[in-house]
Amino acid sequence: MKTIIVTAGVIIRQGRVLVTQRKEDSHQGLLWEFPGGKVKEGEEPREALRRELKEELDIEVEVGMIFEAVYHPYPKYPILLLAYHCRVEKGVLKPLGCHDLRWVNLKELKELVMPPADGPIRKHLCSSNIVK
């Protein structure tokens, strides 16, 4: 099975982290996740993340350093999830490609139901000092 490369943005503002809720009719519908999406064939992951965040949330971001890389063997196909630090440069958040979005503190983040691949990213965020 081919591994699917997926990107996610770790966007922090005023002690809160941005999460989005998957559309109800999507795979793992209504679970919360770090926003992002699949990398297209021949696409560089950071560019894919910029594209996905523009399409899904109507924002332009600066993609920084890698925050976490997670390999997860889902039953249908394995994924490599690349999470990057991001900073919103332009735009007002709109849930165009997701059911909902929220800014959550670490306590709220720990309580959200998320896909298994997002778990290590959440754990890293909760154990680091980057969210205050």
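Look up: the structure comes first, before these words.
Residues numbered from 1 in each chain as written. Predicted model: local features only at pLDDT ≥ 70, side-chain atom pairs only at ≥ 80, totals over all residues. Heavy atoms only, no water.

## Concerning the overall build of the protein
Threshold: Only DSSP runs of H or I reaching four residues or more are called helices, and only runs of E reaching two or more are called strands; each is numbered from the N terminus. The size measure is the radius of gyration over C-alpha atoms, and the globule rule it meets is 2.2 Å times the number of residues to the 0.38 power. Only protein chains enter the accessibility calculation, which uses a 1.4 Å probe; a residue whose area is less than 20% of its type maximum is buried, one above 50% is exposed, and one in between is partly exposed. Contacts were defined at the residue level, with two residues in contact if any of their heavy atoms lie within 4.5 Å. Accessible surface area values rest on a Shrake-Rupley calculation with a 1.4 Å probe, where residue burial reflects the displayed protein chains alone.
Regarding its fold elements, the protein presents three helices and seven strands. In the protein, the succession of helices and strands from N to C terminus is β-β-β-β-α-β-β-β-α-α. In terms of overall dimensions, the protein is globule-like: its C-alpha atoms have a radius of gyration of 14 Å, near the 14 Å expected for 132 residues. Principal axes of the C-alpha set define a box for the protein whose edges measure 40 × 30 × 30 Å. Taken across its 132 residues, the protein has 43% of its residues classed as buried. If you take every contact in the protein between residues at least 6 apart in sequence, the share linking residues at least 24 apart comes to 67%. Surface exposure of the protein reaches about 7,400 Å², of which carbon and sulfur atoms provide 53%.

## Re unusual backbone geometry
A negative phi holds for most residues other than glycine; trans holds for most peptide bonds. One non-glycine residue with positive phi stands out, namely Gln14, at about 50°. Counting through the fold element by element, Gln14 comes out in the loop between β1 (4-13) and β2 (16-21). One non-glycine residue, Asp58, lies in positive phi territory at about 60°.

## A few points about helix α3 (residues 119-127)
Every α-helix carries 3.6 residues per turn, so stepping three or four residues along brings you back to the same face. The following threshold applies: Directions drawn from the helix axis to the C-beta atoms are what define this arc.
Taken together, the buried positions of α3 are Ile121, Arg122 and Leu125. Angular distribution of buried residues about the axis of α3 spans 100°; they occupy a single face of the element. In this structure, α3 carries Lys123 and Ser127 as exposed residues pointing more than 90 degrees from its buried face. Against β1, β2, β5 (60-73), β6 (78-90) and α2 (106-111) lie the buried residues of α3.

## Thoughts on the pattern of salt bridges
What counts, and what does not: When a carboxyl oxygen of Asp or Glu is within 4 Å of a side-chain nitrogen of Lys or Arg, the pair counts as a salt bridge.
Summed over all chains, the structure comprises 12 salt bridges. A salt bridge links Arg51 to Glu52; the shortest N-O distance between them is 3.2 Å. With respect to burial, Arg51 and Glu52 carry one shared label: buried. The salt bridge involving Glu62 is made with Arg87; its shortest N-O contact spans 2.5 Å. One end of the pair, Glu62, is in strand β5; the other, Arg87, is in strand β6, with 25 residues separating them in the sequence. Residue Glu62 is classed as partly exposed on the basis of its relative accessible area of 37%. Judged by relative accessible area, which is 45%, Arg87 ranks as partly exposed. It is possible to trace a salt-bridge network through shared partners that takes in Glu43, Arg51, Glu52 and Glu55.

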